[in-house]
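Commentary on secondary and tertiary structure
For reference, the chains in residue letters:
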Amino acid sequence: MKQKIKNIVQLGIKELRGLLRDPLLLGLILYTFTVGVYIAATATPDSISNAALAIVDEDDSQLSRRIADAFFPPMFLPAERISRPEIDPNMDNGKYTFVLVIPYDFQKDVLAGNQPEIQLNVDATRMSQAFTGSGYIQQIVMDEVNSFLNRGDPASPLPVEIVTRKRFNPNLTQSWFGSVMELINNITMLAIILTGAALIREREHGTLEHLLVMPVTAFEIMVSKVWSMALVVMLAAGLSLLFVIHGMLQVPVEGSVPLFMLGMALHLFAVTSMGIFLATIAQNMPQLGMLLILVLMPMQMLSGGVTPMESMPQGVRLVMQAAPTTHFVEFSQAILYRGAGLDVVWKPFLWLLAIGSVLFVLTWFRFRKTVA
């Protein structure tokens, strides 16, 4: 037993040395857990910003001018006045995202209680602004109309008032969510890539045959690749969480980092085994890349990080219970966002241990058969 452990340790150190001699993989790790996380957190704005807006003011009344003056930076660029015939050409060439049309006698109809209509034209090809901006414009117009009707006094109180309190992310800051989810996705991706690349590198360089003639077993070779690559990913992810997410992006980490690292180790036990399994199927790195796309993309998209599991069909939810990413996303969000403890996340921990054990055994049989 001592000799087996010594072989596993020495083979793992050999994998780490091989990784240090591969500048491409080192660059990928560095980029993924630093620049990649930072870009994912900051590339998407928190809300609408500098949206181009034009107004067709056919009424030219006090109320219509108040509405036009209510749009100002940083959410909207200063509203430009155009005529009705200019709407289609300007929206066709992408000059404006929104065009608000205020009809004739708008103020008169408002005061008479006739409920006049305002037309809002939206360039829906700009999805990041179109959906959010439409709601903002509607709210701004209604606020100005209500203020005008009440002559600047507060509107009459409603019989019921809804008080909204946002937990865990009071300002709905996009970077808080985007950075952590990017880290979670990158952990899975790098674990599969590194372990798969380690095995294929052995095969391409001919060193796998050298190992097989030595007094080491397929089990020892496989375990050495699992622990060494998992260690690299854990170290890189931990530094990214502390210095990039918590340090640079100022994202609060509510829960226990050691508990998150423990869960990450269970997840890496599963996905590193999966990486070796894919490498036993692929003959070279391009084939591994194709397999990675087929496996990784569905796992990440259906894991609950992009869309909540409750919003998915029942059949998809049942199938995804067998994917390690589903439980990894579940406990990661619970720990890092909501400060959950072991009493809350023990179930996904057990799921990952079970899934990892099954994947490891299947991969071991496949690996032993492949190298035999």
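Computed from a prediction, not measured in an experiment: that's the story for all the values here.

1. A look at the side chain of Thr-280
For Thr-280, the location among the structural elements is in helix α11 (residues 257–281). On the accessibility criterion, Thr-280 (2% relative accessible area) is buried. Not counting residues within four places of it along the chain, the set of residues in contact with Thr-280 comprises Leu-199, Arg-203, Arg-366, Phe-367 and Thr-370.

2. What to know about the pattern of salt bridges
All chains considered together, the criterion is met by 12 salt bridges. Note that Arg-201 and Asp-22 form a salt bridge whose closest N and O atoms lie 3.7 Å from each other. Taken as a pair, Arg-201 in helix α8 (residues 174–205) and Asp-22 in the loop between α1 (2–20) and α2 (23–33) lie far apart in primary sequence, 179 residues in all. Of the residues examined, Arg-201 reaches a relative accessible area of 16% and is grouped as buried. Put simply, Lys-14, Glu-15, Asp-22, Arg-201, Glu-202 and Lys-225 are held in one network by salt bridges that share partners.

3. A short note on the nonpolar core
Counting 73 residues, the largest nonpolar core has Phe-33, Ile-187, Leu-194 and Phe-260 as the members making the most contacts within it. Looking at which element gives the most residues to this core, the answer is helix α10 (residues 218–248), with 14 residues. With residues up to four places along the chain from it excluded, the contact list for Ile-187 reads Phe-33, Val-233, Ala-237, Phe-260, Met-264, His-267, Leu-268 and Phe-328.

4. Some details on the sheet that holds strand β2 (residues 80–81)
Across a sheet, paired strands are connected by hydrogen bonds in the backbone, their directions being either parallel or antiparallel. If you walk across this open sheet you meet the four strands as β2-β1-β3-β4, and the pairing is mixed. In the strand order of this sheet, the two ends are held by β2 and β4 (119–122), each with one partner. Here strand β1 (residues 53–57) pairs with β2 via two bridges, running parallel. Of the residues in β2, the one forming a bridge with Ala-54 is Glu-80.

5. Quick notes on the packing of aromatic side chains
Taken as a whole and judged by the stated rule, the model has 10 aromatic pairs. Measuring from centroid to centroid gives 5.5 Å for Phe-219 and Trp-364, while their planes differ by 70°, and the two rings are edge-to-face. Of this pair, Phe-219 sits in helix α10 while Trp-364 is found in helix α15 (residues 342–371), placing the two residues 145 residues apart along the sequence. By way of ring pairs, the aromatic residues Phe-219, Phe-269, Phe-360, Trp-364 and Phe-365 are connected into one cluster. Note that Arg-368 overlies the ring of Trp-364, its terminal NZ or CZ placed 4.9 Å from the centroid.

6. Quick word on a nonpolar patch on the surface
Taken together, the side chains of Tyr-31, Val-35, Tyr-38, Ile-39 and Met-248 present a nonpolar region at the surface, about 480 Å² in accessible area. With three residues, helix α3 (residues 35–42) is the single largest residue contributor to the nonpolar patch. With respect to the helices and strands, Val-35 occurs in helix α3.

Rules behind the numbers
Residues numbered from 1 in each chain as written. Predicted model: local features only at pLDDT ≥ 70, side-chain atom pairs only at ≥ 80, totals over all residues. Heavy atoms only, no water. Helix = DSSP H or I, 4+ residues; strand = E, 2+ residues; numbered from the N terminus. Buried < 20%, exposed > 50% of the residue type's maximum accessible area, 1.4 Å probe, protein only. Contact = heavy atoms within 4.5 Å. Salt bridge = Lys/Arg side-chain N within 4 Å of Asp/Glu carboxyl O. Core = buried A, V, L, I, M, F, W, Y, C linked by side-chain atoms within 4.5 Å. Pairing = 2+ DSSP bridges. Phe/Tyr/Trp six-rings, centres within 6.5 Å; stacked < 30°, edge-to-face > 60°. Lys NZ or Arg CZ within 6 Å of the ring centre and 35° of its normal. Patch = residues over 30% accessible without salt bridge, like charges linked within 9 Å, V, L, I, M, F, W, Y side chains within 5 Å. Areas by Shrake-Rupley, 256 points an atom, 1.4 Å probe, with all protein chains shown as cover.

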